[in-house]
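# Remarks on the overall topology
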Amino acid sequence: MFVKQISVFLENKSGRLAEVTGILGKHDIDISALSIADTTDFGILRLIVNKPDLALQVLKENGFTVSATDVIAIAVEDKPGGLAKVLEILYRKDIGIEYMYAFVGKLSDQALVILKVEKADEAIEVLKENNVKILPAEEVYAL
């Protein structure tokens, strides 16, 4: 039930983001979701792509510091309070969220969210028990 997220360490230099996205595009790797966290000197680009293993390989071959992390993709009601309902479920079970970000698209009336949580296996079970849709990796990569 995990989705592979690609994390790229980037120096805060003009053109680095364009270089990463250019390499991915050249290899027919489609970006479905992304998040950038930065400081003055560097940033971490987090990506969900359709070909995570290839993305990891080609970015490493091009000199980038890259890693893969398991994250959870969920669908939440696309209405006010939809995300809050799911976050409350995790909070009640004392499962902390390290970070999260939204997907570019959505499924009909559901917004898609990527979560990196503490106690990931427990989080998946709790979410399933509460009828939160967890998207399998294959479905996420096909979006």
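Model, not experiment: these values are computed from the prediction. (Residues numbered from 1 in each chain as written. Predicted model: local features only at pLDDT ≥ 70, side-chain atom pairs only at ≥ 80, totals over all residues. Heavy atoms only, no water.)

### Notes on the side chain of Thr69
The line we're drawing: Strands are runs of DSSP state E lasting at least two residues, helices are runs of H or I lasting at least four, and both sets are numbered from the N terminus onward. Pairs of residues are marked as contacts when any of their non-hydrogen atoms sit within 4.5 Å.
Within the fold, Thr69 resides in strand E4 (residues 65-77). Other than its neighbours up to four places away in sequence, Thr69 contacts Val3, Lys4, Gln5, Ser7, Tyr99 and Lys116.

### Observations concerning unusual backbone geometry
Heads up, the condition is: Burial classes: relative accessible area under 20% of the type maximum marks a residue as buried, over 50% as exposed, and values in between as partly exposed (1.4 Å probe, protein chains only).
For Lys119, which is not glycine, the phi torsion reads 55° and is therefore positive. With respect to the element layout, Lys119 can be found in the loop between strand E6 (110-117) and helix H4 (120-129). Judged by its relative accessible area of 38%, Lys119 is partly exposed. Positive phi, normally seen in glycine, also occurs at Asn131, with a value near 60°. Here Asn131 lies in the loop between H4 and strand E7 (133-134). Look at Asn131 and you get exposed, because its relative accessible area is 72%.

### Quick word on a nonpolar patch on the surface
This is how it is decided: Nonpolar side chains (Val, Leu, Ile, Met, Phe, Trp, Tyr) within 5 Å and like charges within 9 Å form the patches, drawn only from residues with over 30% relative accessible area and no salt bridge. Note on areas: Shrake-Rupley, 1.4 Å probe, and residue coverage restricted to the protein chains presented here. Salt-bridge detection follows one rule: a side-chain nitrogen of Lys or Arg within 4 Å of a carboxyl oxygen of Asp or Glu.
A contiguous nonpolar surface patch, about 250 Å² in accessible area, is contributed by Leu17, Leu34 and Ile36. By the element assignment, Leu17 lies in helix H1 (residues 16-26).

### As for the pattern of salt bridges
Counted according to the given criterion, the structure contains nine salt bridges. A salt bridge links Asp28 to Lys51; its shortest N-O distance comes to 3.5 Å. Here Asp28, found in the loop between H1 and strand E2 (31-38), pairs with Lys51, found in the loop between strand E3 (42-49) and helix H2 (52-61); they are 23 residues apart in sequence, far enough to count as distant. Here Asp28 falls in the exposed class, since its relative accessible area comes to 55%. On the accessibility criterion, Lys51 (30% relative accessible area) is partly exposed. Among the charged side chains, a network of salt bridges with common partners joins Glu11, Arg16 and Glu19.

### Notes on the UniProt feature "domain: ACT" (unreviewed entry) in the protein
Selection criterion: UniProt positions are given in the numbering used here, feature names are shortened, and annotations may be inferred rather than shown by experiment.
As recorded in UniProt, the feature "domain: ACT" (unreviewed entry) lies at residues 5-92. Strand forms 41% of residues 5-92 and helix 36%; the C-alpha atoms that close the span are 26 Å apart.

### Considerations on the domain arrangement of the protein
The test is simple: Where each domain begins and ends is defined by an automated method or by a domain database. Computed with a 1.4 Å rolling probe, the buried area is the accessible surface lost when two parts are put together, summed over both parts. Here a polar contact is recorded for every N or O atom pair within 3.5 Å, except that within protein the pair must consist of a potential hydrogen donor and a potential acceptor, and residues adjacent in sequence are included only if both atoms are side-chain atoms. Just so you know the grouping, Ala, Val, Leu, Ile, Met, Phe, Trp, Tyr, Cys and Pro go in nonpolar, Asp, Glu, Lys and Arg go in charged, and all remaining residues, Gly too, go in polar.
Once the domains are mapped, the protein shows domain 1 (2-69) and domain 2 (71-141). Here the C-alpha centroids of domain 1 and domain 2 sit 22 Å apart. Counting from both sides, the interface comprises 15 residues of domain 1 and, opposite them, 17 residues of domain 2. Between domain 1 and domain 2 the total buried area reaches about 1,300 Å² when both faces are included, carbon and sulfur atoms providing 64% of it. The interface formed by domain 1 and domain 2 holds zero salt bridges in total. The interface formed by domain 1 and domain 2 includes five residue pairs in polar contact (both at pLDDT 80 or more). Among the secondary structure elements, those contributing two or more residues to the side of domain 1 that touches domain 2 are strand E1 (3-11), E2 and E3. Across the side of domain 1 that touches domain 2, the residue classes tally to eight nonpolar, five polar and two charged.

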